[in-house]
Amino acid sequence: MALDFPNSPTNGQTYSANNITWVYETSSTTWKVKQDGTVGKIRVAKVTDVKGNRVGGGQITANTWTTRDLNTISDPSNIGLTVADNKIKVPAGTYRIKWRAPSWRVYTFQTKLEYSTDSGFGSGVSKVLGSSEFSSSTDHQNVSATSSEGLAPSLTFTQDTYVRIRQWAGGTGPSSNNGLGVATYNDIADTESGENTVYTTIEVEDLATAVKDNATYVEGTTKVAILYDAKSQNTDGGTASGASWNTRILNTKVDPGTFVTFGGGSTGTNGTNTSFSLPAGSYHFEWRAPAWDAGLMRARLAYNVNSDFSGTTNYILGESAQSDSASEANTFAFGTATLTTSATTYFRIEHYVSSAPNDQTLGLATNIAEEIYTQVIIQDLATAVKNSSNKLLNVWHVQKTDTQTIDNETWTDLSSLSQSVTATSASSKFLITATVNCGMSADSHDGLLRLMRSTTVIGSTSSHGSTTANNTGFGQVGGQTGYYNAEPLTITYLDTPGSGTHTYHIEGRNNNNASNLLVNTRGAGGFYTTSHMSIQEI
């Protein structure tokens, strides 16, 4: 039966029927199903380069892009990943991909994530750059291993897509085969840890399956953004004030969910912007701020309800860290936080360094590609809702309250009983239910109704051998009854129209001008009815 939604609803107005509650959304002029949450879980898989104990990560060829090893997969929730030939095959979907790749004594280095539908990466290759790093090629044991990290907040693949990690380095690494990662063992006592070594790591999260908190709507996607400081190739991170808190630059963002707003500074490569804002909500933050020969250091997340950070500023401290010349590497101050705000709030990353010798203090350039320094990953904790089959996604409702006379023998649109819908996906189904009350102006001849999708007749064509386009429909009213009664003609039809926008509407005709088809009244007059059409996307 048709749903009797209220006339002229306001934004946020609710309507309940059959133990289901809908809420009206003015921006899309649709009724959406309102629920108190959907059972589900976050689906995450990990792919790594695992080698035996005492086995180094490998040696890289200098000044060329080298594909990192990937050989081990953990996919407990069965996203459907496979790995072969150092490439991950990822099924169609939307994903958050994060990676980390270590190096030792290779001088400057940087990684990138590449993806393509071509398994040989011969065409259609896209990339996302990782952070700019440095691990001195000096031949002594004080050199620290460091890692290049990167994040693709949201990548949508429409078919099986192949993913790999590549790295460029200014040097080859030591002859001991540890350039792409130092093996796990105690070099002094020469005693093994007994465990395998793990080098390159990729984490893949399916953004269409997470359920966070009590969601309002059945359909949704996790929102993740990454902000970072991008500078031109061979541009160092910049100077700092020693023994002081320094505000880090964040000039570039990848924000598919469009929930992060930058402050007033210039943006893009070499921009000077330092702050960003988020609307009221719950968020998880991860930040990473590099330094070179900066001594003891720490990075913190600062937040304030004022854009100029006047008044009270709150802080969440990250881990303690150290960057010294002996280690000859870019090192990082890390931090994480989960925070709930009740109003639009402004954020920035502040970095304390105990010494600041030069313009490389806030990161040493790699001179490989665009330099990536400070990074902030933000995840909106209140937006993801499990996508699953057989769930109501949207509901539309139209009604006809006036009368209409169809006084010819051609198919004619019934005014007000038309609705355009846009499919959420190519597999969306639309359940159309309609009740149209019809009469005839005389006690002779007949009228018909049919359901249309744009110019295509659906659910209204008989397969009887004598049917024609003009004598078949989902409902028929005769003059013998329609003159004295407004007869309810009904249809329930499930349609799978494919992707795109579709218009459902109802047409009527009479078979002889001697008796006209009447909508919402009878031929004898004196009584009036209303007609309805509801469409549910499943």
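This text follows the structure it describes.
Residues numbered from 1 in each chain as written. Predicted model: local features only at pLDDT ≥ 70, side-chain atom pairs only at ≥ 80, totals over all residues. Heavy atoms only, no water.

Enquirer: Any details on the side chain of Ser116? Residues and values, ideally.
Expert: Structurally, Ser116 is set in strand 10 (residues 107–116). Of the polar contacts made by the side chain of Ser116, one reaches the backbone nitrogen of Asp118; its length is 3.0 Å. At 3.5 Å, the side chain of Ser116 and the backbone oxygen of Gly124 are in polar contact. With residues up to four places along the chain from it excluded, the contact list for Ser116 reads Phe121, Ser123, Gly124, Val125, Thr161 and Tyr162. (Helix = DSSP H or I, 4+ residues; strand = E, 2+ residues; numbered from the N terminus. Polar contact = N/O pair within 3.5 Å; in protein donor to acceptor, adjacent residues only side chain to side chain. Contact = heavy atoms within 4.5 Å.)

Enquirer: Help me get a handle on the pattern of salt bridges, residues and values and all.
Expert: Tallied over the full model, the rule gives 19 salt bridges. Among the ionic pairs, Glu286 bridges to Arg96, the shortest N-O distance being 3.8 Å. Of this pair, Glu286 sits in strand 22 (residues 281–291) while Arg96 sits in strand 9 (residues 93–103), and the two are 190 residues apart along the sequence. Here Glu286 falls in the partly exposed class, since its relative accessible area comes to 21%. (Salt bridge = Lys/Arg side-chain N within 4 Å of Asp/Glu carboxyl O. Buried < 20%, exposed > 50% of the residue type's maximum accessible area, 1.4 Å probe, protein only.)

Enquirer: Residues and numbers for unusual backbone geometry, please.
Expert: Phi is positive for Phe309, which is not a glycine, with a value near 60 degrees. By secondary structure assignment, the location of Phe309 is in the loop between strand 23 (295–304) and strand 24 (314–323). Take Phe309: its relative accessible area is 10%, and that puts it in the buried class. Unlike most non-glycine residues, Ser454 shows phi in positive territory, near 55 degrees. Within the secondary structure, Ser454 is located in the loop between strand 32 (446–453) and strand 33 (456–457).

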